[in-house]
Amino acid sequence: MNKEKRIEILKRLRAANPHPTTELNFSSPFELLIAVILSAQATDKGVNKVTDKLFPVANTPQAILALGVDGLKEYIKTIGLFNSKAENIIKTCRDLIEKHNGEVPEDRAALEALAGVGRKTANVVLNTAFGHPTIAVDTHIFRVCNRTGFAPGKDVVKVEEKLIKVVPAEFKVDVHHWLILHGRYTCVARKPRCGACMIEDFCEYKEKTDY
């Protein structure tokens, strides 16, 4: 796919959704961090149901630490892998208090040093909480980039590197939100909705559907 096609795709996605953001509910960098940790192998809707009850009770590192592992589990037990997530969140809260004055660090290395935080989670927090032009590649973005030919790669890191290289600066802050939403609702895994796709004419997928 050439530069011109990519820019047209990005312009269309921007026109349809000028101010995209995550579908996770949050009102602070800390709430976003906890929501993203919980979202691994879980849906945003499922996470929002949990955090809508948790955050009014505990939405600071100190308050969640006070719940303890067992207290936290009561709030998040409907989420997949809730046992390990509870352990990680408690460790992360302790580290935030002891090492970062209770604040979420605006730094990749410091974020990735927290329990339960990998590259993707750090990218989401840096982008969505702090406005950095980072691109978090999840399964949706990986699929969309490979299927359309927009930024193909063998693994999520290769796709991220390709996106960083080919996406112009003016689109970088928003591109991961556009691609996630496109993969979640249009370029879906089992049968892409090509007939309802706003970028179908630029997409290089060879097995397009009428759906």
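Right, let's walk through the structure included here. What you see is a predicted model; the values in this text were computed from it and never measured. (Residues numbered from 1 in each chain as written. Predicted model: local features only at pLDDT ≥ 70, side-chain atom pairs only at ≥ 80, totals over all residues. Heavy atoms only, no water.)

As for the overall build of the chain
Step number 1: In terms of regular secondary structure, the chain is built from ten helices and zero strands.
Step number 2: Overall, the chain shows an N-to-C arrangement of helices and strands of α-α-α-α-α-α-α-α-α-α.
Step number 3: Taken along the three principal axes of its C-alpha coordinates, the chain extends 55 × 30 × 30 Å.
Step number 4: In the chain, which comprises 211 residues, the proportion classed as buried is 47%.
Step number 5: Relative to all contacts within the chain whose residues are 6 or more apart in sequence, the contacts with residues 24 or more apart total 57%.
Step number 6: Element-wise, carbon and sulfur atoms account for 51% of the exposed surface of the chain, whose accessible area totals about 10,600 Å². (Helix = DSSP H or I, 4+ residues; strand = E, 2+ residues; numbered from the N terminus. Buried < 20%, exposed > 50% of the residue type's maximum accessible area, 1.4 Å probe, protein only. Contact = heavy atoms within 4.5 Å. Areas by Shrake-Rupley, 256 points an atom, 1.4 Å probe, with all protein chains shown as cover.)

Regarding the packing of helix 2 (residues 29–39) against helix 5 (residues 82–100)
Step number 1: Running from N to C, helix 2 and helix 5 point in directions that differ by 155°, and their axes come no closer than 10 Å. Classed by the angle they form, the pair helix 2 and helix 5 counts as roughly antiparallel. Read as a crossing pair, helix 2 and helix 5 show a hand that is right-handed. Residues F30, L33, I34, I37, L38 and S39 of helix 2 form the contact with helix 5, whose own contacting residues are K85, I89, T92, C93 and L96.
Step number 2: Of the residues belonging to the contact of helix 2 with helix 5, the class tally is eight nonpolar, two polar and one charged. (Axes fitted to C-alpha atoms, helices over the stretch in contact; angles between N-to-C directions. Parallel < 35°, antiparallel > 145°, perpendicular 65-115°, else oblique. Left-handed = near helix turned anticlockwise from the far one by under 90°. Nonpolar A, V, L, I, M, F, W, Y, C, P; charged D, E, K, R; others polar.)

What about helix 2?
Step number 1: The buried count for helix 2 comes to ten of eleven residues, which makes it a mostly enclosed element.
Step number 2: All of the buried residues in helix 2 are F30, E31, L32, L33, I34, A35, V36, I37, L38 and S39.
Step number 3: Elements in contact with the buried residues of helix 2: helix 3 (44–54), helix 4 (61–76), helix 5 and helix 7 (119–129).
Step number 4: Just downstream of helix 2 lies Q41, where phi reads positive at about 55°.

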